[in-house]
Amino acid sequence: MELTDKNYYDKASSLEYLSVSLFKEFMKCEAAAHAELKGEWLPERDETPLLVGNYIHSYFESPEAHEAFLDRKDAKGVSNRDKMLNKRIKKEKVLKKDFKVADTLIERMAADNNFMQLYGAGDKEVIVTGEINGIKWKGKIDSLRLDLGKFFDIKTNKDLHGKNWVFKDGRNLPTTFVEAYGYHLQMALYRELIFQQFGISCEPVIFGVSKQDPPELMTIHFETEEMQDLLYDGLATIQEYQEHIKAVIDGKEEPRGCGMCDYCRSKSSFANNIYGALDIPLR
Ligand SMILES: [Zn+2]
């Protein structure tokens, strides 16, 4: 299956290609991710963060892409433009708070020469595919500069210096938002897919932007030994779990339930049978 802008997010393409978002869903709970992929379960998910992300990304893609995003309608015929409005204020059109914040982030980024020269001048939303140990993966690069040997990704966060945690060696350790949200894993995968598709080794760069007032804009490079190790860890995580996840998607292995998410709690087959309080799994 050849991936295009039209079918990239289709379920059929996710049955053939793994993606970082699907991988992360499976890491959270295989049973829930599998049921959703098979169309057996529709989770209640706040779509606002996704809309905000697309609002910002399409702005820097092109005026046409931004208009197309605003006009796009869902299955019920409601446009994104309408979804962005605060419904409690009927007299005039007022944006919901999340989109007002998004506008300040856009303003902050658009005013930054470094950001505009690097991210702004790149090819946007470039679809890449490749294989990791024989398993097919897909990715979408926010902004690609093959001429500079770099690719860029915008990541918004409440606070770029906030405390985040990663579960390692049996305990929670403090870490940055980059590792906590698995962005190192995404950057490592994208670097590999870009290399497979174009034959050029590119360095990832994250433009982190905080949802504070005023927002902070941070350029995060992966050039130091420490950051290269983090990328290595990311790819190692993919290699460790991808085979089982692919086998579950292909119906060759059974999904494991986490026992505590909405889906597992709704299915008695994924209920925990705990023998003592010390065995209770913690999130
Ligand atoms: Zn679960």
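Quick summary incoming for the structure in this document. (Residues numbered from 1 in each chain as written. Predicted model: local features only at pLDDT ≥ 70, side-chain atom pairs only at ≥ 80, totals over all residues. Heavy atoms only, no water.)

Reading across from one edge, S1-S2-S3-S6-S7 is the order of the five strands in this open sheet, with mixed pairing throughout. The strands lining the two open edges of the sheet, one partner per strand, are strand S1 (123–132) and strand S7 (217–221). Ignoring which end each strand starts from, the neighbouring axes of this sheet average 40° apart. Relative to strand S2 (residues 135–145), S1 runs antiparallel, the two being bridged by nine bridges. Its bridge partner being in S2, Thr 129 is matched across the sheet by Lys 138. Relative to the sheet, helix H10 (residues 183–198) contacts S1, S2, strand S3 (150–157) and strand S6 (203–210), its axis offset from that of S1 by approximately 85°. Sheet contacts for helix H11 (residues 225–249): S1, S2, S6 and S7; angle to S2, the most-contacted strand, approximately 145°. (Pairing = 2+ DSSP bridges. Helix = DSSP H or I, 4+ residues; strand = E, 2+ residues; numbered from the N terminus. Axes fitted to C-alpha atoms, helices over the stretch in contact; angles between N-to-C directions. Contact = heavy atoms within 4.5 Å.)

Now for the pattern of salt bridges. Summed over the entire model, instances satisfying the criterion amount to 17 salt bridges. One salt bridge in this structure joins Glu 36 and Arg 45, with 2.9 Å as the shortest N-O distance. The shortest N-O distance in the salt bridge between Arg 108 and Asp 112 comes to 3.8 Å. Taking relative accessible area as the criterion, Arg 108 reaches 30% and is therefore assigned partly exposed. Within this structure, Glu 25, Lys 28, Glu 36 and Arg 45 form a network of salt bridges that share partners. (Salt bridge = Lys/Arg side-chain N within 4 Å of Asp/Glu carboxyl O. Buried < 20%, exposed > 50% of the residue type's maximum accessible area, 1.4 Å probe, protein only.)

A surface patch of negative charge is lined by Glu 225, Glu 226, Asp 229 and Asp 233. The topology assignment puts Glu 225 in helix H11. We classify Glu 225 as exposed; its relative accessible area is 67%. (Patch = residues over 30% accessible without salt bridge, like charges linked within 9 Å, V, L, I, M, F, W, Y side chains within 5 Å. Areas by Shrake-Rupley, 256 points an atom, 1.4 Å probe, with all protein chains shown as cover. Lys, Arg positive; Asp, Glu negative; His and termini not counted. Charge placed at Lys NZ, Arg CZ, Asp CG, Glu CD.)

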